[in-house]
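Structural description and commentary
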Amino acid sequence: MTASRQEFEARLRQIGADRYHDKHPFHKMLHSGGCTPDQVRAWVINRYYYQSHIPIKDAAFMSRVDDPELRRKWRSRIEDHDGTAENEGGIKRWLRLATAVGLDPDYVASERGILPATKFAVDAYVRFVRDKTLLEAVAASLTELFAPKIHAERIEGLLANYDFADDSSLSYFRKRLTEAPKDVAFGLAWVLDHADTAEKQDMAAAALIFKTDVLWAQLDALHAAYVDPARTPPGAWVPGEGALPAKARAS
């Protein structure tokens, strides 16, 4: 039986309440100040792979869209990350965070040292958006429903617990507080409009669950490699690699 619009939205929001990665032990460590400097660096390096592939994912989505209005609406997501003449973009803001935690931004941007599981999870998300229905692709983006809360918690926690945290280094998260609600308002309305049968609602819900799994898997990999049992896979980042000289950090 097809759920009402309100019932289906509640179903989607419950997925976030149950499965979003703000509940992962690694994030609880990070936000409470429990991470070592190297654990923070490992998170920054691996999360960059996800950040850098968001516009690739969105470009793959747009290449499949016939509706010019939908393409126009979606285009801002790429600009938010890649930047424009007026907006430096989320990728550059993330690299500023990398510099603040003592990493060479060129090293981070090279994507060397990424955990294998991070690559598998992020690449799977790009393939999902490229190959699945447009409804599933848009529904997978709806983790943005839950992102402002985690960004606000992250800003508060990092400012309270880490010396590197300031307005400049945390600018990525502050900007997402305004960008994500704009994106998700459109995406949620589009999914609610187009998931007009029980089968389509199930497809959209499964897509959102898949995306929460993508985010959770990345943190599982970080925790296993750098916290417990601290078993770093061959080729993954090791502390000291890609470090920014102390003089460069201070400049």
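Here we summarise the structure given alongside this text. (Residues numbered from 1 in each chain as written. Predicted model: local features only at pLDDT ≥ 70, side-chain atom pairs only at ≥ 80, totals over all residues. Heavy atoms only, no water.)

**Details of the overall build of the chain**
For the chain, the helix and strand inventory stands at 12 helices and zero strands. A compact globule built from 251 residues would reach a C-alpha radius of gyration of about 18 Å, and the chain, at 18 Å, matches this within 12%. Each of the three principal axes of the chain carries a C-alpha extent, and together these read 60 × 40 × 35 Å. Counting over 251 residues, the chain shows a buried share of 50%. Long-range contacts, defined as pairs at least 24 residues apart, comprise 78% of the intrachain contacts of the chain with a sequence gap of at least 6. Accessible surface, the chain as shown: approximately 11400 Å² in total, 53% of it carbon and sulfur. Each charge sign in the chain was given a centre, from 34 positive and 36 negative side chains, and these centres are 1 Å apart. (Helix = DSSP H or I, 4+ residues; strand = E, 2+ residues; numbered from the N terminus. Rg over C-alpha atoms; globule rule 2.2 N^0.38 Å. Buried < 20%, exposed > 50% of the residue type's maximum accessible area, 1.4 Å probe, protein only. Contact = heavy atoms within 4.5 Å. Areas by Shrake-Rupley, 256 points an atom, 1.4 Å probe, with all protein chains shown as cover. Lys, Arg positive; Asp, Glu negative; His and termini not counted. Charge placed at Lys NZ, Arg CZ, Asp CG, Glu CD.)

**Quick word on unusual backbone geometry**
Put simply, Asp228 and Pro229 share a cis peptide bond, and its omega is 10°. Tracing the sequence through the fold places Pro229 in the loop between helix H11 (198–226) and helix H12 (246–250). Residues other than glycine seldom take positive phi values, yet Glu111 does so here, at roughly 65°. Summarising the element assignment, Glu111 is placed in the loop between helix H6 (105–110) and helix H7 (116–131).

**Considering helix H1 (residues 5–19)**
Residues separated by three or four positions in an α-helix point in the same direction, a consequence of the helix having 3.6 residues per turn. Along its 15 residues, H1 runs 21 Å from first to last C-alpha, staying within 8% of the 21 Å computed at 1.5 Å per residue. Within the span of H1, buried status applies to Phe8, Leu12, Ile15 and Gly16. Viewed end-on, H1 has its buried residues packed into an arc of 95°, placing them on one side of the element. Pointing more than 90 degrees away from the buried face of H1 are the exposed residues Gln6 and Asp18. Where H1 is buried, its residues touch helix H10 (171–194) and H11. (Expected span 1.5 Å × (residues − 1). Arc of directions from axis to C-beta.)

**Overview of the pattern of salt bridges**
Scanning all chains against the criterion turns up 20 salt bridges. Here Arg11 makes a salt bridge to Asp202, at a shortest N to O gap of 2.9 Å. Of this pair, Arg11 sits in helix H1 while Asp202 sits in helix H11; the two residues are 191 residues apart in sequence, bridging distant segments of the chain. Given the relative accessible area of 36%, Arg11 is considered partly exposed. Classification of Asp202 by relative accessible area gives partly exposed; the value is 41%. Note that Asp167 is salt-bridged to Arg174, the shortest N-O span being 3.5 Å. Note on Asp167: relative accessible area 55%, which makes it exposed. Each of Arg77, Asp80, Glu144, Arg176, Glu179, Lys182 and Asp183 takes part in salt bridges that share partners, so that together they form one network. (Salt bridge = Lys/Arg side-chain N within 4 Å of Asp/Glu carboxyl O.)

**Things to note about the packing of aromatic side chains**
Taken as a whole, this structure holds 10 aromatic pairs when the rule is applied. An angle of 40° between the planes, with centres 4.5 Å apart, marks the rings of Phe61 and Trp74 as tilted. Here Phe61 is found in helix H3 (residues 37–62), whereas its partner Trp74 is found in helix H4 (residues 68–82), with 13 residues between them in sequence. Considered together, Phe61 and Trp74 belong to a single accessibility category, that of buried residues. (Phe/Tyr/Trp six-rings, centres within 6.5 Å; stacked < 30°, edge-to-face > 60°.)

**Comments concerning the packing of H3 against H4**
Direction vectors running N to C along H3 and H4 enclose 160°, while the axes themselves pass 9 Å from each other. The angle between H3 and H4 places the two elements in the roughly antiparallel class. In this structure, the crossing between H3 and H4 has a hand that is left-handed. For the pair formed by H3 and H4, the contact residues are Gln51, Ile54, Pro55, Asp58, Ala59, Phe61 and Met62 on the first element and Leu70, Arg71, Trp74, Arg75, Arg77, Ile78, His81 and Asp82 on the second. Its residues assigned to classes, the contact of H3 with H4 comprises eight nonpolar, two polar and five charged. (Axes fitted to C-alpha atoms, helices over the stretch in contact; angles between N-to-C directions. Parallel < 35°, antiparallel > 145°, perpendicular 65-115°, else oblique. Left-handed = near helix turned anticlockwise from the far one by under 90°. Nonpolar A, V, L, I, M, F, W, Y, C, P; charged D, E, K, R; others polar.)

**Examining the packing of helix H2 (residues 25–32) against H3**
Relative to each other, H2 and H3 sit at 120°, their axes nearing to 11 Å. In terms of their interaxial angle, H2 and H3 are classed as oblique. The interaxial crossing formed by H2 with H3 has left-handed handedness. Packed against H2, whose contacting residues are Phe26, His27, Met29 and Leu30, the element H3 presents Gln39, Val40 and Trp43 at the interface. For the contact of H2 with H3, a count of residues per class yields five nonpolar, two polar and no charged.

**Considering the side chain of Asn46**
Following the sequence through the fold, Asn46 ends up in helix H3. Side chain to side chain, Asn46 and Thr118 meet in a polar contact 3.0 Å long. Leave out the neighbours within four places in its chain, and Asn46 touches Ile114, Leu115, Thr118, Leu222 and Tyr226. (Polar contact = N/O pair within 3.5 Å; in protein donor to acceptor, adjacent residues only side chain to side chain.)

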